[in-house]
Amino acid sequence: MSSQEEWNAFEEVKKGSADEKRDSEEQKEKETVGDRLRVNEGSDDSIGDRLRVKEGSDDSIGDRLRVKEGSDDSIGDRLRVNEGSDDSIGDRLRVNEGSDDSIGDRLRVKEGSDDSIGDRADGSGNEANGESESDESEKEAEANQNDDSVVDDEADSGDEQVEISSRTRTKSDTDPTAHAGIASIEVKVNAIDEANKDDGKPQRPDLTLNIPAPVENLPMPSNSLSLTERLERALGSVAPLMREIFGDFAPFLSKTLLGSHGQELVLGGLVTLKQSSSVVELVMLLCSQEWQNSLQKHAGLAFIELVNEGRLLSHATRDHIVRVANEAEFILNRMRAEDVQKHAEFESHCAQTMHNRKEEEKLCDHLITSARRRDAVVATKLKEKILNILTNKHGAWGTDAPVVHEFCKLDSWEDDSRRRRRFVKNSYGSAHPQATLKAAIEHGATEDAVMAAKEAFHTHLQATKQAQLTQDFTDEELLQVDEKELDMEFAGPVALSTQCKLIAPGVVIHGTMSITKFELYFEMDDDDPHNKTLDSKVLQYVDYIHGKWHFNEVRAIFTRRYLLQNVSIEIFMSNRTAVMFAFPDHTTVKKVINALPRVGVGVKYGLPQARRSSLAAPKQLYKLSSMTLKWQRRELSNYDYLMYLNTIAGRTYNDLNQYPIFPWVISNYESNELDLSLPSNFRDMSKPIGALNPTRKQFFEERYNTWEHEQIPPFHYGTHYSTSAFTLNWLLRLEPFTTLFLNLQGGKFDHANRTFHSPLQSWKNCQRDTSDVKELIPEFFYLPEMFYNSNNYNLGKTDEGLQVDDVLLPPWAKSPAEFVRINRLALESEIVSCQLHQWIDLIFGYKQRGPEAVRATNVFYYLTYEGNVNLEKMRDPVMREAIENQIRCFGQTPAQLLTEPHPPRNSAMHLTPMMFSQNQEDVCMIMKFLSNSPVTHLSANTHHMVPTPAVVSVTANHNFSVNKWNETSSTSASTTNNTGNTEKTDQPQLPLSMDQFLVQHTNLNRRTLGDNFDQRLTVSHSSFVVTSDNKHIFACQFWDKSFRVFGVDSAKMIQVVYGHFDVVTCIARSESSLNQDCYIVTGSKDCTVMLWHWYARQQAIMGDNGSIISPTPKATLTGHEQEVTCVFVSTELGLVVSGSKGGSCLMHSINGDLLRSLEIPESCVTPEILTLTREGYILIKYDRGVICLFSINGQYLRHTEHSDNIQAMVLNRSGEYLITGGHEGAVSVWRTHDLNQLYNYPTCDSGIKTLALSHDQRYVMAGLGSGCIIVFNIDFNKWHHEFQDRYQ
């Protein structure tokens, strides 16, 4: 074949290659290797861009493949390696592992070979037919070629399939002439080469010798193509890939493909590849000698390494994909589990919401039901109140018929010293004939006694049946209550609701406490099994079964113990009552205290009003309070200090097991006279009651020393000094304690020998009986009614035949009131004051527990002490109930307040060394006003805490003055005239300075109250009232039936108050609270008494309607038949006492209940002046100079007649002494309890119209009819039973 023919064949091949490239682009039969290696679908980045193998790096391919930071996609993801495929990159390049042949071997191109391009293309065509066709071509080539290298190259080419051959397979299969053309070129070239080898000259080969058999699966070209065309056709699709590979792998190949002199072949070749896109140039570059040598020497191992790294990378990629898949599955499972959990939580939340909604509805129903019941109770009480007002002998329906015996009960009202002294009507009272009958039968009484008891019992049954016929309300009637009113009552959400127990005297009631934003509720649970066992007679005396309290009523909150567990609180209210609740645990106690208002333990003990004070332990309260220091300085009485210790130590009136404890003081109950100056008449305070008798003390110590028990610690006393049984035995004669005692005793009275009937007998039992070590209770020092059998109970007879009735008093006490008074005097005596701290150490102090208690013979049973048992952790209900019963029976020791000795009380001489010095003169000073108008009213507000301490005086012509009080004053006598000039004597400083307006005779219009007064009425002390801050004056007796409020600074009228239907005749005010609020009480000619509330902050009287223009009274008190002449109100005692013409004096509570009327002697006509002491004595002065003395409960005690017409009375702070002033100008001092006149001051030149005492109790000021104020020096210690002998 000529050269022209060969060139034409080459062009045909080239043309065929171009046609094949065009056809492949049109049909898009296959993706290129670059497409398969592309990481992101649709990305135009080359493999080099995506793999970014750094030049000069010796790292492996896996390290050189640039994996993007933060991407979870592996290289296998970017190389689009199918999951589960084990083929490496080398497999996809169809390079067999272990082949050492270079790319030149696989292409069968050898530098210096004379084979034509057609021979090399023929090799490529054979590879394109698959592995089987390549083997046959190789066998035929071995038979026709003598060159061993060519044969080796063909064999190697058959072993490794090159990717380029696969690109031309499709076209060659469809074109049968392609292989024929390439084969003919190969035959011709081989024949020429062999001829040249034989003779060294060019010879034409024998074309018939080595013509291979036609390959049937290679289609022959339909037309003759040139070699270039055939190359373009065969390699056109592969050439771009090769250029891309060389470009991308240039850094790697530059180190691998080195020339004979060490030069880099790739860099020069890249320039050629980038400048030209010809396939021929690419083939010529790859077939050059330098490239062939380098490929043969280096490429094999490099590609083997590349293949191996590719395989490792593929395996790592697969592991990464599997790991990522597992992680994804784990995340999906977790999300699925979270969905399930959220679904479960949602269902649980829905169920809980539904449950809460049902509980809320149940609570609302419960509150509404309790409101109905509470309203029914209130309605019943109001009905009883109205009936009492109408039917009593002073009411509209009253009669003068003799009154049947009226039963009374001890009210829960407490005064400032926590004394309960007020008695109210008891609608449930009886003589308990059933208990008497039962006791008579069981105790073996005589037949006559049993028959009398039966007759009394049947009479009581008949009366009870008649009372039951008038039922108040039925359940159906309660359901008809207007729902709107109930909704208004319970406006606002419930902040806290919890189960609790109401601890009342002698009973524990299970129920529910609910706390809203402004109110506290308690409702008894009627379905509770425990409540069903309660005696209905006991529940009648519980006031708060359906309780409701507004937060404004809460004054103090204390944490308490219940059954020695810190799970209770006691709340003190503004109505001077207390209520106690017990909760499941101490955590609930904290929640309740946090939900209640922040009042602390009140302001009485000097502690901050914070919740931490309410939660503080008793030791902390004792340590932080200043009460001990006040007691040491004698600013606090012994009684008040003991009550303070009892209160902070957890003792309460609401729990009879923790009733307040007071000591036995007097040891002499047999003599006719009791000398309180003799120590022998007093008990030894340094020893417990059980160790006073040496013989009995030895018995107790021997018990302790010989005690042998593994679980019970040794003790001296098996009983206690304070239990509920002892308390009820002391107060047996008073309701509600009588009913509680009968409930404890199984419905019967105890045997008469064991019933409290004599202090002497009880004292003896405490000295000789080994099972009796009880102390006293506070009532021994203030409540004489406990010694009367006022309800006529049949308490039986003792073994000696003595009928038990009223308590048999010692000979030195003529009456119960005398016994209580002397007992109190003994408690406050110097002998007791000097050793009271030792008794405190035994009960509340360091001798209560531990080694000091052992040495003091003061150890009780271990279950009486706090901390020895934890009931909250006890799971056995039987054991828990047994221990609770033991705690109830054995008593409970108070909380320990201090672990060191209690400080003693200072002596009186140590505090005031000059207290017994004799004043030289009785008269301190005289102040004379210019008007000469009688001084009818004096009000001395001289406390140093008052903004302007002064003595306000009002004269008969309705002018007033504000006279400044000098705290640092002397007691020397001097005189101040109407010009304000002082006649100096020994000391220039006087206690009182005249009003400067009067001294300078300027602005006198600022010191007058006007002239609108009713001239028919006489101006008296009870016509005016001054507030405790000296800022306002109340005046009555105006013709328009009003009373008015004036400002002291300007005499400007601030408020006019209407309420009465006639002229207001008298006015009075109560003690002021810390914010200067007080009660104002007015009496009128319309026979009514009205109670008003003065608010210092608003500087006005306001009623429940909140109006200042037309305020409403707090209560309207009725019962008088003629005009009211005098009134008195005491906030501390909760009483209003009023008198009217004709002699009737009535006692009302500040709630408006008529308590009783005071029975006066026949010689008394009209009460004119009345006053009330803190100790509960009521003193009334009648028009004929008669002074009568009554107890707080209306019992007439005594009276005295005075020759002078007394016009003014005033009591000292303690109420022990009464100071009176009369028409004759005499000022006298009286002892209150017996109305014995003690001292008379010098007679003044005119009658005494009004009296006042300074706050320090050192001066008495008298307003005279001549327009003067006389200041007297006074020292009440002169007449004290212990100090009077020390004055010379």
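So, how was this worked out
Residues numbered from 1 in each chain as written. Predicted model: local features only at pLDDT ≥ 70, side-chain atom pairs only at ≥ 80, totals over all residues. Heavy atoms only, no water. Pairing = 2+ DSSP bridges. Helix = DSSP H or I, 4+ residues; strand = E, 2+ residues; numbered from the N terminus. Buried < 20%, exposed > 50% of the residue type's maximum accessible area, 1.4 Å probe, protein only. Contact = heavy atoms within 4.5 Å. Patch = residues over 30% accessible without salt bridge, like charges linked within 9 Å, V, L, I, M, F, W, Y side chains within 5 Å. Areas by Shrake-Rupley, 256 points an atom, 1.4 Å probe, with all protein chains shown as cover. Salt bridge = Lys/Arg side-chain N within 4 Å of Asp/Glu carboxyl O. 1 Å grid on protein atoms, 1.4 Å probe; cavity = no way out; pocket = protein on both sides within 12 Å on 5 of 7 lines; lining within 4 Å. Points joined across faces, edges and corners; volume = space filled by probe spheres on them. Nonpolar A, V, L, I, M, F, W, Y, C, P; charged D, E, K, R; others polar. Phe/Tyr/Trp six-rings, centres within 6.5 Å; stacked < 30°, edge-to-face > 60°. Axes fitted to C-alpha atoms, helices over the stretch in contact; angles between N-to-C directions. Parallel < 35°, antiparallel > 145°, perpendicular 65-115°, else oblique. pLDDT = per-residue confidence, 0-100. Core = buried A, V, L, I, M, F, W, Y, C linked by side-chain atoms within 4.5 Å.

A. Just the sheet that holds strand β16 (residues 992-993), in detail. Reading across the sheet, the four strands line up as β11-β12-β13-β16 and stay open at both edges, with antiparallel pairing between neighbours. The sheet is open, and its two borders are formed by β11 (935-941) and β16, each paired with just one other strand. With six bridges joining them, β11 and strand β12 (residues 950-955) adopt antiparallel strand pairing. Residue pairing in the sheet places Val935 in a bridge with Thr955 of β12.

B. Local environment of the environment of Val820. On the secondary structure map, Val820 appears in helix α35 (residues 816-827). Residue Val820 is classed as buried on the basis of its relative accessible area of 6%. Sequence separation between Val820 and Phe781 is 39 residues, and the spatial gap between their C-alpha atoms is 5.2 Å. The residues contacting Val820, other than those within four sequence positions of it, are Phe780, Phe781, Tyr782, Leu783, Pro784 and Phe787.

C. Up close: a nonpolar patch on the surface. Together, Phe330, Ile331, Leu332 and Met335 give the surface a local cluster of nonpolar side chains, amounting to about 390 Å² of exposed area. Mapped onto the elements, Ile331 comes out in helix α19 (residues 289-391). Here Ile331 falls in the partly exposed class, since its relative accessible area comes to 38%.

D. Layout of the layout of surface pockets. The calculated volume of the second largest pocket comes to roughly 1300 Å³. In terms of lining residues, the second largest pocket is bounded by 41 residues, among which Val508, His530, Tyr562, Leu563 and Arg888 are the most central. When contributions to the lining of the second largest pocket are tallied by element, the ones reaching two or more residues are β3 (494-504), β4 (507-516), β8 (565-573), α32 (724-730), α33 (737-744) and α38 (877-890). Counting residues per element, the lining of the second largest pocket draws most heavily on α38, at seven residues. A class-by-class count of the residues in the lining of the second largest pocket yields 21 nonpolar, twelve polar and eight charged.

E. Here's a closer look at the packing of aromatic side chains. Per the counting criterion, the structure on display carries 47 aromatic pairs. Each ring, one from Phe558 and one from Tyr605, has its centre 6.4 Å from the other, and the planes form 65 degrees; the classification is edge-to-face. Taken together, the positions of Phe558 in strand β7 (residues 554-562) and Tyr605 in the loop between α26 (586-595) and α27 (611-615) put the pair 47 residues apart, joining distant regions of the chain. The class for Phe558 is buried, based on a relative accessible area of 5%. By way of ring pairs, the aromatic residues Trp664, Tyr669, Trp730, Phe756, Trp763, Phe780, Phe787, Trp812 and Phe819 are connected into one cluster.

F. Geometry of the packing of helix α30 (residues 638-648) against helix α36 (residues 830-843). Put simply, α30 and α36 touch, their axes get as near as 12 Å, and they point 10 degrees apart. With respect to α36, the element α30 is oriented roughly parallel. For the pair formed by α30 and α36, the contact residues are Asn638, Tyr641, Leu642 and Leu645 on the first element and Val832, Ser833, Leu836, Trp839 and Ile840 on the second. Considered class by class, the residues forming the contact of α30 with α36 number seven nonpolar, two polar and no charged.

G. Region of interest: the confidence of the model for the protein chain. Residues of the protein chain with pLDDT of at least 70 account for 75%, and the chain-wide mean is 80. Confidence over residues 465-491 falls short of pLDDT 50; this stretch has 29 contacts with residues more than four positions distant or in other chains. Predicted confidence for residues 971-987 stays below pLDDT 50, and this span has 41 contacts to residues more than four positions away or in other chains.

H. Here's a closer look at the nonpolar core. Counting residues in each nonpolar core, the largest one holds 143 residues, and the members touching the most others are Ile509, Ile571, Phe581, Trp730 and Phe780. Here this core takes seven residues from α30, the largest share from any one element. When sequence neighbours within four positions are dropped, the list of residues in contact with Trp730 reads Trp664, Phe756, Ser762, Lys774, Glu775, Leu776, Ile777, Phe780 and Met786. Phe246, Val266, Leu282 and Cys287 belong to the second-largest nonpolar core, a separate cluster that totals 27 residues.

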